[in-house]
Every structure is written in C-alpha cells, then in structure tokens.
Amino acid sequence: MDDLSDIIARLAKQLTGPVIRITVDENSVILDALPIYKSAKFDPTSPVTVQFKNQPAVDVGGPKREFYTRLFNDIAKADGGLNLALFEGPDGRLMPKYSATIVYSGILTVIGKMIAHSIVQCGIGFPFLSPSAYWYIVTGDIAKAVGYCNLSDVRDIEVAQLIKKVVENFCHPILIN
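All of these numbers come straight from a predicted model, not from anything done at the bench.

1. Concerning a nonpolar patch on the surface
Together, Tyr136, Ile137, Ile142 and Val146 line one region of the surface with nonpolar side chains, adding up to about 430 Å² of accessible area. Elements with a minimum of two residues in the nonpolar patch: α6 (131–139) and α7 (142–146).

2. Topic: the packing of aromatic side chains
This structure, assessed with the given rule, holds eight aromatic pairs. Pairing phenylalanine 87 with phenylalanine 126 gives two aromatic rings, centres 5.4 Å apart and planes at 40°, and the pair type is tilted. With phenylalanine 87 in strand β3 (residues 87–88) and phenylalanine 126 in the loop between α5 (107–122) and α6, this pair connects stretches of sequence that are 39 residues apart. Like phenylalanine 87, the residue phenylalanine 126 is buried in the burial classification. Ring plane angle 85° and centroid distance 5.2 Å describe the contact between tyrosine 134 and tryptophan 135, whose orientation is recorded as edge-to-face. By relative accessible area, tyrosine 134 is classed as partly exposed at 42%. Taken together, the aromatic side chains of Phe67, Tyr68, Phe72, Phe87, Phe126 and Phe128 make up a single cluster linked through ring pairs. When the ring centre of tryptophan 135 is taken as reference, the NZ or CZ atom of lysine 144 above it lies at 5.1 Å.

3. Overview of the side chain of arginine 93
As for its placement among the helices and strands, arginine 93 is situated in the loop between β3 and β4 (95–96). Exposure remark for arginine 93: the relative accessible area of 17% places this residue in the buried category. Within the structure, the side chain of arginine 93 is placed 2.7 Å from the side chain of aspartate 153, a separation counted as a polar contact. Apart from residues no more than four positions distant in its own chain, arginine 93 is found in contact with Glu88, Phe128, Leu129, Ser130, Pro131, Tyr148, Cys149, Asn150, Ser152 and Asp153.

4. Concerning the pattern of salt bridges
Counted according to the given criterion, the structure contains four salt bridges. The shortest N-O distance in the salt bridge between glutamate 66 and arginine 70 comes to 2.4 Å. Here glutamate 66 pairs with arginine 70, and both are found in helix α3 (residues 62–76), just four residues apart, close to one helical turn. Judged by relative accessible area, glutamate 66 falls into the partly exposed class, the value being 34%.

About the thresholds
- Residues numbered from 1 in each chain as written.
- Predicted model: local features only at pLDDT ≥ 70, side-chain atom pairs only at ≥ 80, totals over all residues.
- Heavy atoms only, no water.
- Patch = residues over 30% accessible without salt bridge, like charges linked within 9 Å, V, L, I, M, F, W, Y side chains within 5 Å.
- Areas by Shrake-Rupley, 256 points an atom, 1.4 Å probe, with all protein chains shown as cover.
- Salt bridge = Lys/Arg side-chain N within 4 Å of Asp/Glu carboxyl O.
- Helix = DSSP H or I, 4+ residues; strand = E, 2+ residues; numbered from the N terminus.
- Phe/Tyr/Trp six-rings, centres within 6.5 Å; stacked < 30°, edge-to-face > 60°.
- Buried < 20%, exposed > 50% of the residue type's maximum accessible area, 1.4 Å probe, protein only.
- Lys NZ or Arg CZ within 6 Å of the ring centre and 35° of its normal.
- Polar contact = N/O pair within 3.5 Å; in protein donor to acceptor, adjacent residues only side chain to side chain.
- Contact = heavy atoms within 4.5 Å.

So, in structure tokens, the structure goes:
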C-alpha cells in the first residue's frame, strides 16, 4: 500500500494541463480564487502559478504556498471575506456550519477542490478542522469520526451542557478528564 507522500507525488505528475495563471490582490485572495475553482471549466490537472499584485516575484513555489496559506486562513476566519461564515468552533476544531445556504451554494465542494489542488501542488492543506470532521471527510464513517469528538465539537450550547451533565453524573472520573 502506498503511503500518502507516494500518492501525492503520483497525483502531482498528472498536473499536465494548461497552466492557470492567477494574479492575486493580497487583500482579496478569496475573491481572486473563487472564480477559478468555481468555474465549470476548472481543470484539476492544470497547475497554478501565482503572482501577487505589485510584487515582482517569480512563482517557483513561494508565492503559490503564500497564496494557499492566505486563502485557507481567510476561509477559516469567521467571515473569511465571503460575508458568509462557513465554519464555527474554536481554533483547530472548526466544524462546517449547519446552514442550508452553505449546502445549496456548493461552496464547500469548491473549497474541497481548492484544498485538494493545493495539497497536490505544494502540500498546503486545511489544518483548521476538528479531528472528527476530518475523519468523517476522509473515511465517510460516522462511527469512526465520533471517536474523535469532544464537547467543543457540539455547537449547540444547550446540547453540550446536557452531554456534560450526563458525562459528569454517569461516567467514571477517569473518563471525564
């Protein structure tokens, strides 16, 4: 069985499509990236080269890593410049926000394309998700994902308080800590 680095290297060799050139304003990274990844013409086999406006750098990797790092940081922020909060929760334990608007917009699918495209090109992922969300995305197995949950993953405060009471009253003290 191949390890992850072998899989990523094999996928990187498939980036043989026409180069996508992105000129990015550092103050509107999301708005510059969305039209590319949302387009029906987006080709995941096309590598990206990035240039920031008013910065004369040639993209041999640095600008691309900076672009994806900023992009994912902006997406993870509460507003992310989209006027639509996509995630909620504490840092490092973000969960997709429960919203019909988000689901029907398809924006999470677009973000998934961005993340996959980034990982294959320069190894920048989206390290903001809760482990339970990550494992559900990776495996599709809710039973496996639940094993990585903790109270901070429960976004409904009343439900979290009820779970905490149940744990405190019915579980062994070792399990609580």
